Structures are given as C-alpha cells and as structure tokens.
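Observations on the model geometry
Residues per chain are reported as follows:
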Amino acid sequence: MLALNRLESAVLRLQCAAGRTSMRWRTISTSSIYEHSTGRWLYNDAEQRLARYSPFNVQELYKTACESLDAGECTSMVKILEASDSRSRIFRMTFDNGKTAIARIPLPRLLGNVSSVIASEVATAEFCRGLDLFGFGVPQVYAWSKDPSNPVGSAYIITEDVVGTSLSNEWSSLRGDPLGDVIAKLALDFMQLQTDDLPSELQSRPLFHDSFISSRLHLFPDDVSEKLRDSAEKFRIGPIASSEWWCIRHDDPEADRGPWRNYGEFIEAAARLELRTLEKHRADPKSLRFSSSTVEDLDEVQGLLEQILVLAPHLSATLIDPHPVIGDTLTDIVLGHPKLLASNIIVPHLTPDNAAERMKALTYTDWQCAVVLPFPMHLGGAPPIFRYDGGLFELPSDPTVHIELPSNIGTLSQEQQDVVCTHHDLATRRGTWVRLMLTSWPPFLFTYDHVLYPAISILPHLILRACSEGPRALRETLNVIYQVWDTEQWGPCPITFSEEELAAFGVDFEEYLHYLRLVSAARKRLGCNRDGWVPTDKYDEASALLAEIRTEWLARNSNAPFPFTDGAWSAYLS
C-alpha cells in the first residue's frame, strides 16, 4: 500500500526538482559571479561557500572570448547550471556578432590539480570530437588555459554553445518512443566509448595534448590504423587527473598517480595514497574535521589498507575469463564519460521535422575528469542519469528486478496517480538500461555476473575515502571479496578474517546501516542533499525544521552523533 505522507513528499520532490531545473538555467545577476548563489548549506555553510568562491578578471575573460569568436564586444554574461555539486562555474556569453559561447571557470578547492584537469578535459573533448569514430556530438573548444596566472586570473575553458536544449528540461516527462530512443542511444554511446582501440598497457589515465607532458607514452601502438594516425601523433597519456586523486587530503605531489600497467597496480597506488593521508591525520588530528573517522578509527583503516596491498596483485587475474568470447576483455583499457547526467546532454530543439529522430542526436558536454580505466570501473551500477532518489519507490539491489506499481493506486485521485506513475517511470529507467545492456553486450553480461562485481568497481572510491568516511564500508567490501572468492579458480584468498571478526563485522555493519537510514530519513525531511544544501528560498524553513529534528534526534538516538552540525562530515570538504 502507498502511504499518503510518502505521496505528499513525492509531490514536493517533483516540484523541487522542477524548480531546480528551471533555476539552473535562469539568468543570475553578474554581482554574484564569483560565489555560489542558488542555495545555502544548513551546516558548514561558511566553509562550503569559501570552497566555491573563485574570483577572476571578468574584462579579460571578455577580451579572450571576443578574440576567439571574432567579436567586438561581449554584450552579456549570465551564470547557468549552478548545482551544489558543480566543480566549475559556468556562464553563457553573448556577443555583438550574434554568436554565443559557454565559459567555464574551475573551482580549485573542489577540483584539486586544476592544470591537469583542464588540460585533460580539453584534450579528451578534442580527441572524441576529432576522431569521428563515435556517433555523438562534442562541443568545440574555442579557447582555454590551464594556468591561473594568465590575464584572466583563473584557468578557463571557452566552448561552443551547442544549439538545442538540455535533456534535463525533458527527462522527467519523456514517455514512449522518445524515452526508448534516448535510453537506446545512451546504451549505444556507452558501448562505443568502450572502444578496443586503446592499447591494453595503458591504465587509468586521462588524455593530454603532446605539448602538455614530456612523457612519450603514445596513445596508440606504432601499427595504428590510418583513421587513428592523427590522434596518435597529437595525444599522449598522463597521470590521472580525477579530483579524488588531487583533493586537499591527497595533495602530495610525489604520490603515484600513474601510469600503471594493470588494475592491481591501480588499486595499490590508491591504497598507498590513502596511507599517506592517514599519516597526515595522525600528525594533525584536527585535520579530521569534516570526516566521519575519529583518531581511534585510523588503526583499523590502516589495517584494511595494508590488506589491500596484499590483495591488489591478485585482482587482475580475476578479470580474465577463459571463455573465448570474453577472454581478457575485462582487462581492456577504455574511455568513459564520468558525468552522464541529463544536465550534461544537449538534444536538438523540437521541430515538426525532427520529432522522430531528435532523441538519437545527443551532444555530451562537461568532459571534466574523464579517464581511461579498466573496463569494470565504468560499470559501477548505471550512469548517473538513471539515479532515482524521489523517495516514493525503493530501488531493489538487483536492477533487473521489476518494480511494481502500488496495489492501491486505483483508490488515488487522478492527480495522485499521475505523480505515482511519474515516479514509477523514473525509478524503472535504471532497470530498463541494465536489461538492455545485458541483452546487447556480452562483456557487460560477464561483468555483471562476475562474482566480484560490483566490489571491484567501487573499491578504488572506498579506498580513497577511507579516512574521510571511516572503515565500515571498506571493511564490508573486503569482507564480500573474502566471502565470494573463488578458491578453485584463483587459489586461496590472499586476505583472511577470523570467525570472530566476521561476526563482529556483521553486527557493526548493521548498526552502521541503521545510522545511515536515520540520516537519510532526516535529509528527506529537510529536503537537503548529502552535504546539507538547500535552495535559498527554502533555507529559513529548513533551518527551523533542523532545530526540531536535532531535538528529536538527541532524545531518541543519544549514542549516535547528530550529522547536521558545523564540522560534521562533508563529501566536498573532507
């Protein structure tokens, strides 16, 4: 049965989602171009705002853009697409010659190594655009700089303003053939990006222009086909540029960030980087502010990371399948788009002539932190466009399981039924995509059925956030690997746990999951995201509700830390 209070909450979520979509694309005063201006944080607000403060010389940006687009004057610049999790500030610029462009200013405190991120993003976009092997669009790069000491006073990218509309404007309302077309196109493009043209010895590295790095690691082997020869001359492979590897807790310039030869070395490098972070926390316990870990947790985190160093060399062998159809496909090194969100996809404007085909003509924007990774690393669940957090339906752990409509839907009003059906449609799209991939692509099927999947796909993230988020999720993942390890195929598992440890793990992890459920329920009541962000017009109401929730929490959960207070865990500050 469908509880009415959940239905009311679902209606509000749809309204809030619609508000966020329109807010992202509305004109914002240029007086706020340096700051985050669409929302507030219920805790850690000052630190979150500081992390997103990014001044630059507006007039110099105008000048650079005008030179790039053969314009005399920039007539307007408006901020667009300002989500709380954005790591760049994005503007639409209009010029006196009728042209428009998109300018992106990175947020260094959130990105880490801005120079590498910008250089990699530009090279990846130009690689995908110029190679002409993929059936999708990529915006043209007009101008860019990775050097914050340039006249603009910040790194920047100025790109084509693709004609069309953001898929986020239509994603919730798509039905029938247009929805089927876009899901099928997303699946096809996902598969095409997993090309086998990248040599197997290249691991977890972004693309760079030849002039950016001195490394002679070529993107392609010497016997490259003619269609790839220009790219082989122009592009090289460099260290990983992902913000997880360069954020404030991972800012050691001497750390190993690649290139690596295989998945095992990739995992080992992540563990060694986190061990360096752990030692920094031991030396300065105050640096654990904004983390879930305590000083007492660090010993266990260290033990888990040392277990990973033992496990890492054995993991690559588990990805090789003796079946001739698959072979070593899972060890292939492939390119993926890390941000397949509706807001990063442009579709043509609807016209009388393109209604049947427009959802098959997608342009992907925002190639920030795109990396070349071992095949399974791109299959962690489903692309983020298929995430559902509407609160009305619980998503099954197995996305192939069908989600039923509530049995009492016939007793609801037509308006309520419409809301339920919209949420049901959004909640089932992940399963639709997964089933399509399972029936269309043998490597996806083999990966999905692999005994260590999805543990191997989430392991790097859990390693790199072990100090920030505490030992429990990483410990449970290692426990899963230990429990399902195929000793007949791979020999004895290189990590071990005693029966007493396993029993204690189970009890502790259930308590941890219970705590996460309490936190999730409180977030839903507040209408905030995981870092406590709410739209500006909801801030006063949410702040008053927060005080009420805090009183209830302390009365009912005296042993569980209240999660919404200054200094508490933050995904972007820890």
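This text goes with the structure placed above it.
Report follows, based on the coordinates. (Residues numbered from 1 in each chain as written. Predicted model: local features only at pLDDT ≥ 70, side-chain atom pairs only at ≥ 80, totals over all residues. Heavy atoms only, no water.)

Of regular secondary structure, the protein possesses 17 helices and 14 strands. In the protein, buried positions account for 54% of the 574 residues. A separation of at least 24 residues holds for 71% of the contacts in the protein among residues at least 6 apart in sequence. Looking at the protein as shown, the accessible area adds up to about 25800 Å², and 52% of this sits on carbon and sulfur atoms. (Helix = DSSP H or I, 4+ residues; strand = E, 2+ residues; numbered from the N terminus. Buried < 20%, exposed > 50% of the residue type's maximum accessible area, 1.4 Å probe, protein only. Contact = heavy atoms within 4.5 Å. Areas by Shrake-Rupley, 256 points an atom, 1.4 Å probe, with all protein chains shown as cover.)

In spatial order, the strands read β2-β3-β4-β6-β5; together these 5 strands make up an open sheet with antiparallel pairing. Only two strands of the sheet have a single partner each, and these edge strands are β2 (74-80) and β5 (141-145). If you compare each strand with its neighbour and ignore which way they point, the axes differ by 20° on average. Alignment of strand β3 (residues 88-95) against strand β4 (residues 100-106), held across 7 bridges, turns out to be antiparallel. Its bridge partner being in β4, S88 is matched across the sheet by P106. (Pairing = 2+ DSSP bridges. Axes fitted to C-alpha atoms, helices over the stretch in contact; angles between N-to-C directions.)

Let us look at the environment of E121. Assignment of secondary structure puts E121 in helix α5 (residues 114-131). Residues E121 and D366 lie 245 residues apart in sequence; the distance between their C-alpha atoms is 7.9 Å. The residues contacting E121, other than those within four sequence positions of it, are R104, I157, D366, W367 and Q368.

Another point: helix α12 (residues 455-464). In terms of burial, α12 is largely enclosed, as 8 of its 10 residues are buried. Within the sequence span of α12, burial applies to A455, I456, S457, L459, P460, L462, I463 and L464. On its buried side, α12 packs onto α8 (263-283), α9 (298-318), α13 (466-469) and α14 (472-484).

So, about unusual backbone geometry. Cis geometry marks the peptide bond from Y453 to P454; its omega dihedral reads 10°. With phi around 55°, N44 is a residue other than glycine that occupies positive phi space. Turning to its location among the elements, N44 is positioned in the loop between β1 (39-41) and α2 (45-51). Non-glycine residue D70 carries a positive phi angle of around 55°. As for its placement among the helices and strands, D70 is situated in the loop between α3 (58-68) and β2. What makes D70 exposed here is its relative accessible area of 66%.

Turning next to the nonpolar core. Judged by nonpolar contacts, the single largest core of 59 residues is most densely connected at L167, W171, V182, L186, W367 and W433. Put simply, the parts of the chain that give this core at least two residues each are α5, α6 (176-193), β10 (333-336), β11 (345-347), α10 (414-440) and α11 (442-449). Of all the elements, α6 adds the most residues to this core, at 8 residues. Residues L373, L452, C467 and F497 belong to the second largest nonpolar core, which totals 47 residues. (Core = buried A, V, L, I, M, F, W, Y, C linked by side-chain atoms within 4.5 Å.)

This part takes up the packing of α14 against helix α16 (residues 499-526). With their axes 11 Å apart at the nearest point, α14 and α16 run at an angle of 135° to one another. Compared by their axis directions, α14 and α16 come out oblique. Viewed along their axes, α14 and α16 form a crossing whose handedness is left-handed. Contacts between α14 and α16 involve R472, A473, R475, E476, N479, Y482 and Q483 from the former and L502, F505, D508, F509 and Y512 from the latter. Tallied by class, residues from the contact of α14 with α16 come to 6 nonpolar, 2 polar and 4 charged. (Parallel < 35°, antiparallel > 145°, perpendicular 65-115°, else oblique. Left-handed = near helix turned anticlockwise from the far one by under 90°. Nonpolar A, V, L, I, M, F, W, Y, C, P; charged D, E, K, R; others polar.)

The next thing to look at is α11. Every buried residue of α11 is accounted for by P443, F444, T447 and Y448. The buried residues of α11 occupy one face: seen down the axis, they fall within an arc of 130°. Those residues of α11 that are buried lie in contact with α10. (Arc of directions from axis to C-beta.)

Taken as a whole and judged by the stated rule, the model has 2 cavities of 30 Å³ or more. Space inside the largest cavity adds up to approximately 60 Å³. Every residue along the wall of the largest cavity is listed here: P399, V401, H402, I403, A427, T428, R430, G431 and R435. The class makeup of the residues in the lining of the largest cavity is 4 nonpolar, 3 polar and 2 charged. Here the second largest cavity is characterised by a volume of approximately 40 Å³. Residue lining of the second largest cavity: H36, R52, E82, A83, S86, S88, R89 and L107, and that is the complete set. (1 Å grid on protein atoms, 1.4 Å probe; cavity = no way out; pocket = protein on both sides within 12 Å on 5 of 7 lines; lining within 4 Å. Points joined across faces, edges and corners; volume = space filled by probe spheres on them.)

In this section: the packing of α8 against α9. With their axes 8 Å apart at the nearest point, α8 and α9 run at an angle of 165° to one another. Looking at the two axes, α8 sits roughly antiparallel to α9. Considering only the axes of α8 and α9, their crossing is left-handed. Two secondary-structure elements touch here, α8 through Y263, G264, I267, E268, A271, R272, E274, L275, L278, E279, H281 and R282 and α9 through L298, D299, V301, Q302, L305, I308, L309, A312, L315 and S316. Within the contact of α8 with α9, the residues separate by chemical class into 12 nonpolar, 4 polar and 6 charged.

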